[in-house]
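Here is what each chain is made of, one letter per residue.
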Amino acid sequence: MRKGAFRATVSSTAIRLLLQHVEMGIFPFPPNFPSLSIFKHHHITTSACTKKPSLPQKNCGFVSNTSNDISIDDALTSFYRMVRMNPRPSVVEFGKFLGSIAKKKQYSSVVSLCNQMDLFGVTHNVYSLNILINCLCRLNRVDFAVSVLAKIFKLGIQPDAITFNTLINGLCNEGKIKEAVGLFNELVRRGHEPNVISYNTVINGLCKNGNTNMAVHVLKKMEQNGCKPDVVTYSIIIDSLCKDRLVNEALELLSKMVDRDIPPDVVTYSSILHGFCNLGQLNEATRLFKEMVGRDVMPNTVTFTILVDGLCKEGMVSEARCVFETMTEKGAEPDVYTYTALMDGYCLQNQMDEARKVLDIMVGKGCAPDVHSYSVLINGYCKRRRLDEAKRLLFEMSEKELTPNTVTYSTVMQGLCQVGRPQEALNLFKEMCSSSLLPDLMTYSILLDGCCKHGDLDEALQLLKEMQERKIKPNIVIYNILIQGMFIAGKLEVAKELFSKLSTDGIQPTVRTYNVMIGGLLKEGLSDEAYKLFRKMEDNGFLPDSCSYNVIIQGFLKNQDSSTAVQLIDEMVGKRFSADSSTFQMLLDLESYDDAICRFMRGCSQHRKMK
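Note that the coordinates shown come from a computational prediction; the quantities given were computed from them, not determined experimentally.

The rules behind the values
Residues numbered from 1 in each chain as written. Predicted model: local features only at pLDDT ≥ 70, side-chain atom pairs only at ≥ 80, totals over all residues. Heavy atoms only, no water. Helix = DSSP H or I, 4+ residues; strand = E, 2+ residues; numbered from the N terminus. Buried < 20%, exposed > 50% of the residue type's maximum accessible area, 1.4 Å probe, protein only. Areas by Shrake-Rupley, 256 points an atom, 1.4 Å probe, with all protein chains shown as cover. Core = buried A, V, L, I, M, F, W, Y, C linked by side-chain atoms within 4.5 Å. Contact = heavy atoms within 4.5 Å. Axes fitted to C-alpha atoms, helices over the stretch in contact; angles between N-to-C directions. Parallel < 35°, antiparallel > 145°, perpendicular 65-115°, else oblique. Left-handed = near helix turned anticlockwise from the far one by under 90°. Nonpolar A, V, L, I, M, F, W, Y, C, P; charged D, E, K, R; others polar. Expected span 1.5 Å × (residues − 1). 1 Å grid on protein atoms, 1.4 Å probe; cavity = no way out; pocket = protein on both sides within 12 Å on 5 of 7 lines; lining within 4 Å. Points joined across faces, edges and corners; volume = space filled by probe spheres on them.

**Quick word on the overall build of the protein chain**
Summing up its helical and strand segments, the protein chain has 33 helices and zero strands in all. For the protein chain, buried positions account for 48% of its 611 residues. Looking at the protein chain as shown, the accessible area adds up to about 31,100 Å², and 51% of this sits on carbon and sulfur atoms.

And the structure:
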C-alpha cells in the first residue's frame, strides 16, 4: 500500500515539476517523442509521391478541412504541397488540415505531421497543439501529451480550457486519476479557472475508477468555487451511485438537482431506473418511470430496454411484453438489446417457443440478432434439454456469418454432456478449436466432467494433457472432477495421488474436495480412512457442511456401520444441519431390521426436524 501511495504522489508531483521546469526553460521535448520513423507505412518522402492525385482545389490548392472523402496518401501529398508554397499558408490553415486528418482517426499521422511541421519551421498555435494532445491521448500516450503541454508553455502560447480538459480526460482514460486530479489542482493554483467540462471530466474519471465518494466531494468543491454543475455532472454521479447499488443516495441527488432548477434528462432517469431494476425493486422502478413521463421526459430505447430486462428477470414476462409493445407508440424502436432481454425472460420461464417467436419477429423487423441473442436462446434450449434445437441454432449462426464465442460452444457442450452425449460434445470442441476459438477453464471443466461421469477416462486424461500444452493451469474445480472420476472408475490410488498432489501444486482444496474424497473412500469400503479424513478436515480449517454429514452418514449406512452413523446424525442435528431425502429414506429402509436404527428412530423426536 505504501509503495503504491508513494508512486501516486510522485506522479502527481511530477506534473508540478514539469511545469516548473518549463518556466525555467530547461524542459525540452523528450528524446523518445514519436517521430516520423515510427510511421514508415505512410512513406512520407517527397520522392515517394510519384502519383499526382486529384485534390480539392480550395484554400490555395491544398486539402481543406471540409474534404472528408480523400485518402490519407492524398492528405500527405497535400501537406507537402502546403509546406512548399510561397507564401506558406497560415498556421490556422495548418490547424484545419490537422483537424481534418484527426477526424479520420488517423492519430499517428497527425503526430508524424506535427513533427514534420517542426522540421519545416512551421509555427504552431494552441489549436494545432490541442489537436496533437488529443491524438496522443487517443493513442494512449498521455505521457507525451503532457510533454506537449510543456512545449506550449515553452513557446509562450497560452493554453486554453480545451488543452486542460483533453489532458485531464487522457489521464483519466489511462486510469491515472491521481495525476489527473493533481493536474487539475495545479491549474487552479496557477489561476486557470476550470469550467464545467473540466469538472465533469475529473468527476467522470473518478466514477469510472470506482471512486464515487471523491466525485461527490469534487461536486461540492465545484459549487463552492462558483461553477454551476449541469445535468451531465449530476447524471455521471447518479449513474455511479446506482452501479454501487446506492440508489437511495442517487434519489437524494436527483432531488437536489431538481431543487436547483437543473432538469434531469432521460439519461439521469434511466440510470436510477436501472439501479432499481438491479435491486429487484420493480414497484419503485415503475413509480419513477411514471414520474419521468409526468415531467415530460420521454423514455428512449435504452429506458424501455432497462424496464423490459428488469421485469423479465423478476419473472414478470407478461408485463415486460406490454412495455415492449408500447415502445413504438412512444416513438422508441426496440433494438437488439430489447429483443434479447425479452427472449431471456421467456427462456427463464421455460417458454422456449415464445422465445423463438421473439427471435423471428426481430429478424422480420430488420433487426439483426447478435452473438448474445443466439447465446441466450441456445442456453434456454440446453436447460430444457432440447439439444438438437440448440445445435440447429449454432449452425444457423454460422449461416448468418456470426461467430459463436467460447461461452456459446461451452453451453451446448454442457447440455450434450448432461444428456449423456459426451462424444458429440467432444466433436463440438474440435469444431470450436478449428474456428480459432480458445477453450478456457470452464470449457475444459465441462468436458472433463462429462467424460469422467461417463467412464471415458482416456479422453479425460487427453484433455488434461491438452490443457497443460496450452499452459492452462488446472484449478480446484478441475481436480475435484478428476478425483471423482477416478473413484467412479474404481481407480482409488490415482484419486489419492491427485488429492495429495494439491498441496504440491499450491492448490487449496475446498469442502467439496473433502466431500468427494470421503464419499469415494466409503464407496471403496474404507470407513476408517474416510472417518479420519472427516475429522482431519476440520483440523485443516474446513468446517464440514450439510453435504459432508449426509455423504459420510450414507457411506456408513451402506457399509452397515449403523452405530457410527447414528452418532454422526446426532452430531449433525446438533450443528443445525438436516438429513437430506436420500439419508432419511435409507434410515426408513433400515428401521425394520437394524436394531440401532430402530432404537434411534423410535426414541428420536427429531423426525420432522430431519425432514
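**Here's the deal with the nonpolar core**
Core analysis: the biggest nonpolar cluster contains 179 residues, and I238, I272, L342, L377, I378, M413 and I553 have the highest contact counts within it. By residue number, the principal contributor to this core is helix α25 (residues 476–488), which donates eight residues. Other than its neighbours up to four places away in sequence, I272 contacts I238, C242, V247, A250, L251, L254 and L288.

**A closer look at the packing of helix α24 (residues 457–469) against α25**
It is at 11 Å that the axes of α24 and α25 come closest, and there the two elements cross at 155°. Between α24 and α25, the angle falls in the class roughly antiparallel. Here the hand of the crossing between α24 and α25 comes out left-handed. Contacts from L457, L461, L464 and M467 in α24 reach I478, L482, G485 and M486 in α25. A breakdown of the residues in the contact of α24 with α25 according to their chemical character gives seven nonpolar, one polar and no charged.

**Topic: the side chain of T201**
Within the secondary structure, T201 is located in helix α9 (residues 196–208). For T201, a relative accessible area of 11% puts it in the buried group. With residues up to four places along the chain from it excluded, the contact list for T201 reads N165, I168, N169 and C172.

**So, helix α12 (residues 247–259)**
In this model α12 runs 18 Å from its N-terminal to its C-terminal C-alpha over 13 residues, within 8% of the 18 Å that 1.5 Å per residue would give. Phi turns positive one or two residues past the end of α12, at D261, with a value near 60°.

**Section: unusual backbone geometry**
Omega for the peptide link from N86 to P87 comes to 5°, which places this bond in the cis form. Among the structural elements, P87 can be located in the loop between α2 (72–83) and α3 (91–103). Positive phi values are uncommon outside glycine, yet K105 reaches one of about 65°. Looking at the secondary structure, you find K105 in the loop between α3 and α4 (107–119). Unusually for a residue other than glycine, K471 sits at a positive phi of about 60°. Among the secondary structure elements, K471 is positioned in the loop between α24 and α25.

**Considering the layout of surface pockets**
In this approach a probe as big as a water molecule rolls over the atoms, and the regions it shows empty are the leftover space. Estimates place the volume of the largest pocket at around 430 Å³. Lining the largest pocket are 17 residues, with N515, V516, G519, G520 and V551 sitting closest to its centre. It is helix α27 (residues 511–523) that provides the largest number of residues to the lining of the largest pocket, a total of seven residues.

**Re helix α29 (residues 546–558)**
Note: α-helices contain 3.6 residues per turn, so residues at a spacing of three or four share the same orientation. An ideal rise of 1.5 Å per residue puts 18 Å on 13 residues; α29 measures up with 18 Å between its terminal C-alpha atoms. All buried positions along α29 are accounted for by S548, Y549, N550, I552, I553, Q554, G555, F556 and L557. Note on α29: the residue one or two positions beyond its end, Q560, has a positive phi of about 60°.

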